[in-house]
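# Coordinate analysis (summary)
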Amino acid sequence: MAKGTNDAQLLIQSLRKAYASTPTSLKIIDLYVVYAVATALIQVAYMAMVGSFPFNSFLSGVLSCVGTAVLAVCLRIQVNKDNKEFKDLPPERAFADFVLCNLVLHLVIMNFLG
Amino acid sequence: MAKPLVLHLLLLLICGSALLSSGSVIHPISDAHRSAATELFVPAADGSFGSLEETYEALRTFQILGVDRSSAKFEGTCKTVSEKLSSPTTTKDLYHALKITAILGCRTESIEFDGITSRLQTAVKDASSLLELYYSLGGLLTVKEQGKDVILSDADGTFQAIKALSQSDGRWRYDKDSTGSSAFAAGIALEALASVVSLAGSDIDQSKIAVVRKDITKLFDRIKRYDDGTLYFDEKNVDPDQYKGPLATSASITSGVTAFAAVSSEKLNIGGEKILGLAKFFLSIGIPGTAKDFFYQINSLASLENNRISIPLVLSLPATVLSLTAKDQLKVEVTTVFGSHAPSLAVSLLKVLTPDSKEVTSFEKKELEYDPENRIHFLDLSPLKIDVGKYSLIFKVSVNDPEGADLYATGDQIIVTAFLTGFIKVDKAEIAVSDSDAASESVQKLDLSKDSLISLSANHLQKLRLSLQLTTPLGHSFKPHQMVVKLRHESKVEHLFVPETSSRQYKLVLNFLGLVEKFYYLSGRYEIELAVGDAVMENSILRSIGSIELDLPEAPEKAAKPPAQPVDPLSRFGPKEEISHIFRAPEKRPPQELSLGFMGLTILPLLAFLIGLLRIGVNFKGFPTSAVPATFAILFHGGIGAVLLLYVLFWLKLDLFTTLKALGFLGVFLLFVGHRTLSYLASTSAKQKAA
């Protein structure tokens, strides 16, 4: 038992150390993803409490959070310098894609919101 | 005694072949026609009735019927017509305009008749079709009748030109090139030929006129006939757009033939009965419904009224239903087609026929007396001892003056249908209830003249007997068209029975034993109603004579139910009960505080994100410092902010289309600005890497 918790603690500490070395831009993106998912969870909790009457609004809200989180993850993949696949893609281009896709997503979301 | 008989025979011979003309009801033109004319021909504000042709037709009809034409409206017509005459128009318009001027009596000082005459004479010379010749010749004739001097240069040639278009069967073609001929064109051609003869005076060769007389005889061979002696002309084998119909064709031929008869020195070989047949055709139309038909009818009858062949006289009865009780007299009028008085005549009633064409033998030929004040021939019916009924009366009209006899066409035998009505006596009316073995009867006398009601009672083993006799005023037994006895139950279920006739009596026997099923086993009070009716019965009976209490056995299970009685229409079609609508209950919404609370809760992760950003050490070092890229960067961020603001507006109040439009503009702007900014950033980071 103590070994288990010890192992977990060691694991978390090693993860922390490794994480500290990630560049700042990636950390910003990670934080954004966590923010989006948290908002989605709060909305799901609300729906669980009061029922899904305007179902389109619920879907709209949740999917906007999830969608933007997905787009942020894609941005992180493309911007990460350690990723060999996207070596030749300039990060500004990836950012531009991120902004454009977000704008389209939010247009659709606003239409569906009702 | 023999002399009148010989005279009678002579008249018969002169008046032509015997013709049995039967009873269509015709009346001469009367005030009803005049009022119908004023209703049908309604002038517009400027006094015209439509085109020049229609105006002419309306005014000519008014002229013939004697309708007032002096109204102020027609002064305007005079002016428009005289303008037409001075301007270049077609020959047809000239013709109608000249005719209108003549009818209205317009002032002719301002009209240049010489110019018009020369125009018409050129038209006659250059004419290529029958209608052109007709209109131009008619116009010249109208000008001549106004008192001006008109010369027709080549009368013979014109006559020949018209005659050349005739066919061997008496019909005419419209021009040299057309192949079809029509009887309508024949009428027009004859009128045109008559105009030529009147204009030329004695220049026309009489043999030519004789040839045309033969053509007219051939034309009259084509006449068609109804059974009652009415005659008319109709077209066969004519183009559908050339087909004018029997009224127009007959009218055209009548005008043409009467016009030609007026100019021909010898009498035309057409019998008086043909003229009378045509007159009957026009009169049998009654009051026509359209303006054109009205004109055709009135114009033709006017030509027939004063024609030179023979003037038709029509016999009409002002009343065809005569009452024996009121001692009506049989009244007969003989007049011309326009109702003007005829010469001195003798009208005799030859025979009286019953509907099955048997002669009433008790009747002998009688001559009607004449009432000069009312100009009516009458006959007292009571001494004739004719019973009630429907009869065909056969009249004969003869002109008293033997010289004038061939001037008039009266037809041979004229058949008119008349009704003699009278009071029918009801005798020996009895109603009785008897047992089935006819042992005892309780008879009650019915007096149908009084209002008394009888009441009886019977059960299903008994019989009901109703009998009566009907007698005419002259004492014969009468058989009415309708005699029905109705028994009506309290629940409004009705049963009808027809009494049987035997020798002089009508008897109805109802054996209730056999009728139990028919009555649907309904016991109770039945009202008895008697209906006796006939066209000649002045005192038809429709009344309740009393009631009978019927006692019928109980209905077995499988018996037929009485039919449903009609429902009171007000209850079926009246207002119905009100419907209260049930609307869908609205969804349950959560309490507002909870929703607002959660909205606040949603903002929390944003705050956490911002705090986290600060913790990580976000900085604005990468923001470009030099002026141009800085502006672009600011614009880029501003553009994204604007798009997000647009989305908020879209959610609040805009619709998708305006949003997309605005988004299009913003998007293009954003693309441009973003491209500049990001490419600048990319170039700076590339420089940094290189360095």
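No experiment lies behind these values; they were computed from the predicted model shown.

## A few points about the nonpolar core
Residues and elements named next belong to chain B. Core analysis: the biggest nonpolar cluster contains 97 residues, and Leu137, Ile162, Trp172, Ile216, Phe220, Val257 and Phe338 have the highest contact counts within it. Among all residues touching Phe338, those that are not within four sequence positions of it are Ile29, Ile64, Leu65, Ile298, Leu301, Ala302 and Glu305. Among the nonpolar cores identified, the runner-up in size contains 73 residues, and Leu330, Leu468, Ile548 and Ala559 belong to it.

## So, the interface of chain A and chain B
Contact residues are listed per partner, giving 27 residues for chain A and 32 residues for chain B. Interface of chain A and chain B: buried area, both sides summed, is about 2,700 Å²; carbon and sulfur atoms make up 85% of it. At the surface where chain A touches chain B, the tally comes to 0 salt bridges. Summed over the shared surface of chain A and chain B, the number is 2 residue pairs in polar contact (both at pLDDT 80 or more).

## Notes on the sheet that holds strand E14 (residues 408–409) of chain B
By way of backbone hydrogen bonds, the strands of a sheet pair with one another, either parallel or antiparallel. Residue and element names in this part refer to chain B. The 5 strands are arranged E11-E12-E8-E6-E14 in an open sheet whose pairing can be described as mixed. Both edges of this open sheet fall to strand E11 (369–371) and E14, since each of them pairs with a single strand only. Of the pairings in the sheet, the one linking E11 to strand E12 (residues 376–380) comprises 3 bridges and is antiparallel in character. Paired with Asp371 across the strands is Ile376, a residue of E12.

## Let's talk about a nonpolar patch on the surface
Residues and elements named next belong to chain B. Taken together, the side chains of Leu601, Ile603, Leu604, Leu606, Leu607 and Leu610 define a hydrophobic patch exposed on the protein surface, amounting to about 500 Å² of accessible area. Relative to the helices and strands, Leu601 is located in helix H16 (residues 592–616). A relative accessible area of 36% places Leu601 in the partly exposed class.

## Description of the pairing of strand E25 (residues 541–551) of chain B
In the case of a regular strand, side chains alternate between the two sheet surfaces. All names here are of chain B. Two elements, strand E18 (residues 454–459) and E25, share 6 bridges in a ladder whose sense is parallel. For Asn459, the partnering residue across the bridge sits in E25 and is Asp551. One ladder, built from 9 bridges, connects strand E24 (residues 524–533) with E25; its direction is antiparallel. In the sheet register, Leu530 faces E25, and the bridge partner there is Arg543.

## Notes on the state of the cysteines
Residues and elements named next belong to chain B. Scanning the entire structure with this criterion turns up 1 disulfide over all chains. A sulfur-sulfur separation of 1.7 Å characterises the disulfide bridge that pairs Cys78 with Cys106. On the S-S bond that ties Cys78 to Cys106, the torsion sits near -85°, and the link is left-handed. In this pair, Cys78 is assigned in helix H4 (residues 73–86) and Cys106 in the loop between helix H5 (91–104) and helix H6 (113–126), connecting sequence segments 28 residues apart.

Cut-offs applied
Residues numbered from 1 in each chain as written. Chains lettered and ligands numbered in written order. Predicted model: local features only at pLDDT ≥ 70, side-chain atom pairs only at ≥ 80, totals over all residues. Heavy atoms only, no water. Core = buried A, V, L, I, M, F, W, Y, C linked by side-chain atoms within 4.5 Å. Buried < 20%, exposed > 50% of the residue type's maximum accessible area, 1.4 Å probe, protein only. Contact = heavy atoms within 4.5 Å. Buried area = accessible area lost by both parts, 1.4 Å probe. Salt bridge = Lys/Arg side-chain N within 4 Å of Asp/Glu carboxyl O. Polar contact = N/O pair within 3.5 Å; in protein donor to acceptor, adjacent residues only side chain to side chain. Pairing = 2+ DSSP bridges. Helix = DSSP H or I, 4+ residues; strand = E, 2+ residues; numbered from the N terminus. Patch = residues over 30% accessible without salt bridge, like charges linked within 9 Å, V, L, I, M, F, W, Y side chains within 5 Å. Areas by Shrake-Rupley, 256 points an atom, 1.4 Å probe, with all protein chains shown as cover. Disulfide = S-S within 2.5 Å.

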